[in-house]
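Fold and geometry: a report
Each chain is listed here by its residues.
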Amino acid sequence: MTKILYTTRATATGGRDGRARTDDGSFEVALATPKELGGNGQGNNPEQLFAAGYAACFLSAMKFVGTQGTFAKVPADASVSATVGIGPRADKGFGLAVTLAITLPGLGTAEAEALVAEADTICPYSHAVRGNIEVRLEVVTEA
């Protein structure tokens, strides 16, 4: 990367059972291990934060693609839901799997799939995870 356009910083304390906040104070969250992983679930967890970020970023990438003239414009009621799962890896440690459920009401299947495929090539989250975690893209064109 040659030119950084934006930088942010967040600090976590206490790990999965602590707190995280951005340096500018605009975002602060209590963290808790999910019940499924042995915690009390009384806060948010890194997988939820990742899901929210990936969903928002992918929708923004689609909107950008839709302004380029080659692909369909993204409908105002479009949405992206990211499902993030965590589990043990075959080698060691833990890994993630993601499913992006992309709803593009009013678009034809072919034009929606083309838009999603192009967005996947420019989304920073998609770039970051490609080849590292399993990502499935599910496109729905009817509300």
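Quantities reported herein were computed from a predicted structural model and do not represent experimental measurements. (Residues numbered from 1 in each chain as written. Predicted model: local features only at pLDDT ≥ 70, side-chain atom pairs only at ≥ 80, totals over all residues. Heavy atoms only, no water.)

With respect to the packing of helix α1 (residues 46-66) against helix α2 (residues 109-122)
Running from N to C, α1 and α2 point in directions that differ by 115°, and their axes come no closer than 8 Å. Judged by the angle between their axes, α1 and α2 are roughly perpendicular. Remark: the crossing between α1 and α2 carries right-handed chirality. Touching Y54, F58, A61, M62, F64, V65 and G66 of α1 are L115, V116, E118, A119, D120 and I122, all from α2. (Axes fitted to C-alpha atoms, helices over the stretch in contact; angles between N-to-C directions. Helix = DSSP H or I, 4+ residues; strand = E, 2+ residues; numbered from the N terminus. Parallel < 35°, antiparallel > 145°, perpendicular 65-115°, else oblique. Left-handed = near helix turned anticlockwise from the far one by under 90°. Contact = heavy atoms within 4.5 Å.)

Quick look at the pattern of salt bridges
Counted by the stated rule, this structure contains 7 salt bridges. The partner of D23 in a salt bridge is R9, and the shortest N-O contact between them spans 3.1 Å. Within this pair, whereas D23 is found in the loop between β2 (19-22) and β3 (28-30), its partner R9 is found in the segment before β1 (10-13), the two being separated by 14 residues in sequence. Two residues, D91 and R89, come together in a salt bridge whose shortest N-O distance is 2.7 Å. We classify R89 as partly exposed; its relative accessible area is 42%. Within the structure, one salt-bridge network assembled from shared partners comprises R19, R21 and E28. (Salt bridge = Lys/Arg side-chain N within 4 Å of Asp/Glu carboxyl O. Buried < 20%, exposed > 50% of the residue type's maximum accessible area, 1.4 Å probe, protein only.)

Some points on the sheet that holds β1
Strand order in the open sheet formed by 3 strands is β1-β2-β3, with antiparallel pairing between adjacent strands. Sheet topology places β1 and β3 at the edges, where each strand pairs with a single neighbour. Taken pair by pair, the neighbouring strands of this sheet meet at an average axis angle of 10°, ignoring direction. As paired elements, β2 and β3 share 3 bridges and run antiparallel to each other. Looking at the pairing, R19 lines up with A30 of β3. (Pairing = 2+ DSSP bridges.)

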